[in-house]
Amino acid sequence: MGFWKAWFSNPEAITTAKNTFVEEEKINAKANKKNVGNHIIFSTEREIDLYQLEELCDAVGWSRRPLRKVKKAIEHSFLVVSMWQVQNTQKHLIGFARATSDHAFNATIWDVVVHPKFQGKGLGKVLMQYILKQLRSEEISNVTLFADPDVVEFYQSLGFMPDPEGIKGMFWYPH
Ligand SMILES: CC(C)(COP(=O)(O)OP(=O)(O)OC[C@H]1O[C@@H](n2cnc3c(N)ncnc32)[C@H](O)[C@@H]1OP(=O)(O)O)[C@@H](O)C(=O)NCCC(=O)NCCS
């Protein structure tokens, strides 16, 4: 609860907007300060070019997944957030995250990625803050994710706890 209180009192928190493309002055200011580019926008639109998404995932070395399954996963996600760099009339996909949910209590965040050229500039944090804000606005109170070992600290810096109250993530795979 402490985390959420801190989150909502955080002046850096991203405001929710109704339009498809959400432009956030603070994000732009942050991005510009770091010379990221002239324009960063967020979107919850699901119509994402799957080839651009594949390129983004390739850029961080993720294994390729069948595009028809990625398409299905996006269609059936509760929330899809993409982050774009806009230059003149062109926009480039530079970040992505999505969440699945029971639409009442729980959500799980998947596929969090920022293009390597844009990493280490605070954008991953803003992307996560944005998705958390959206989930909270839907009254989802329990947010989980599966962290790769080398990004545990990244999520901890956002308030996520590994194994709270001894709870363990458990996996089953077909043999
Ligand atoms: C993990 C990832 C999304 C972070 O995005 P990013 O834009 O580089 O992160 P930020 O610049 O917003 O960093 C926010 C904070 O987390 C820290 N951080 C970022 N990546 C970290 C890492 N791998 N380990 C520890 N701390 C990390 C930053 O130092 C920063 O700390 P600060 O707030 O004290 O300055 C990005 O590195 C990425 O896409 N990695 C490849 C894909 C991946 O592993 N995704 C997660 C799958 S579970």
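Preceding this section is the structure that the text describes.
Residues numbered from 1 in each chain as written. Predicted model: local features only at pLDDT ≥ 70, side-chain atom pairs only at ≥ 80, totals over all residues. Heavy atoms only, no water.

**Describing the nonpolar core**
(1) Moving on: Membership of the largest hydrophobic core comes to 28 residues, with the highest contact counts inside it found for Ile109, Met128, Leu135 and Phe160.
(2) Moving on: For this core, the secondary structure elements donating two or more residues are strand S2 (40-43), strand S3 (79-87), strand S4 (90-101), strand S5 (106-114), helix H5 (123-137) and strand S6 (142-145).
(3) Moving on: Ranked by residues supplied to this core, first place goes to H5 with 8 residues.
(4) Moving on: Contact partners of Leu135, with chain neighbours within four places excluded, come to Phe78, Leu79, Ala99, Ala107, Ile109, Ile140 and Val143.
(5) Moving on: Formed by 14 residues, the second largest nonpolar core is a distinct cluster that contains Val70, Ile74, Val80 and Trp84. (Core = buried A, V, L, I, M, F, W, Y, C linked by side-chain atoms within 4.5 Å. Buried < 20%, exposed > 50% of the residue type's maximum accessible area, 1.4 Å probe, protein only. Helix = DSSP H or I, 4+ residues; strand = E, 2+ residues; numbered from the N terminus. Contact = heavy atoms within 4.5 Å.)

**Re helix H3 (residues 50-59)**
(1) Moving on: Those residues of H3 that sit buried are Leu50, Leu53, Glu54, Leu56 and Cys57. Buried residues along H3 cover an arc of 160° about the axis, so they all sit on one side. Looking at H3, the residues exposed on the side facing more than 90 degrees away from the buried face are Tyr51 and Glu55.
(2) Moving on: In this structure, the buried side of H3 is in contact with helix H4 (67-75), S4 and S5.
(3) Moving on: Where H3 starts, the residue carrying a side-chain oxygen 2.8 Å from the main-chain nitrogen of Tyr51 turns out to be Asp49. (Arc of directions from axis to C-beta. Polar contact = N/O pair within 3.5 Å; in protein donor to acceptor, adjacent residues only side chain to side chain.)

**Considering the packing of aromatic side chains**
(1) Moving on: Per the counting criterion, the structure on display carries 6 aromatic pairs.
(2) Moving on: Ring geometry for Phe42 versus Tyr130: centroids 5.1 Å apart, planes at 40°, classification tilted. A residue pair is termed long-range when its members are at least 10 positions apart, and Phe42 in strand S2 and Tyr130 in helix H5 qualify at 88 residues.
(3) Moving on: Looking at Phe42, the relative accessible area reads 1%, which means it is buried.
(4) Moving on: Between the aromatic rings of Phe171 and Tyr173, the centroid separation amounts to 6.2 Å while the plane-to-plane angle is 20°, which identifies the pairing as stacked.
(5) Moving on: Members of the aromatic cluster, joined through ring pairs, are Trp110, Phe146, Phe171 and Tyr173.
(6) Moving on: It is Lys91 that lies over the ring of Trp84; its NZ or CZ is 3.7 Å from the centre. (Phe/Tyr/Trp six-rings, centres within 6.5 Å; stacked < 30°, edge-to-face > 60°. Lys NZ or Arg CZ within 6 Å of the ring centre and 35° of its normal.)

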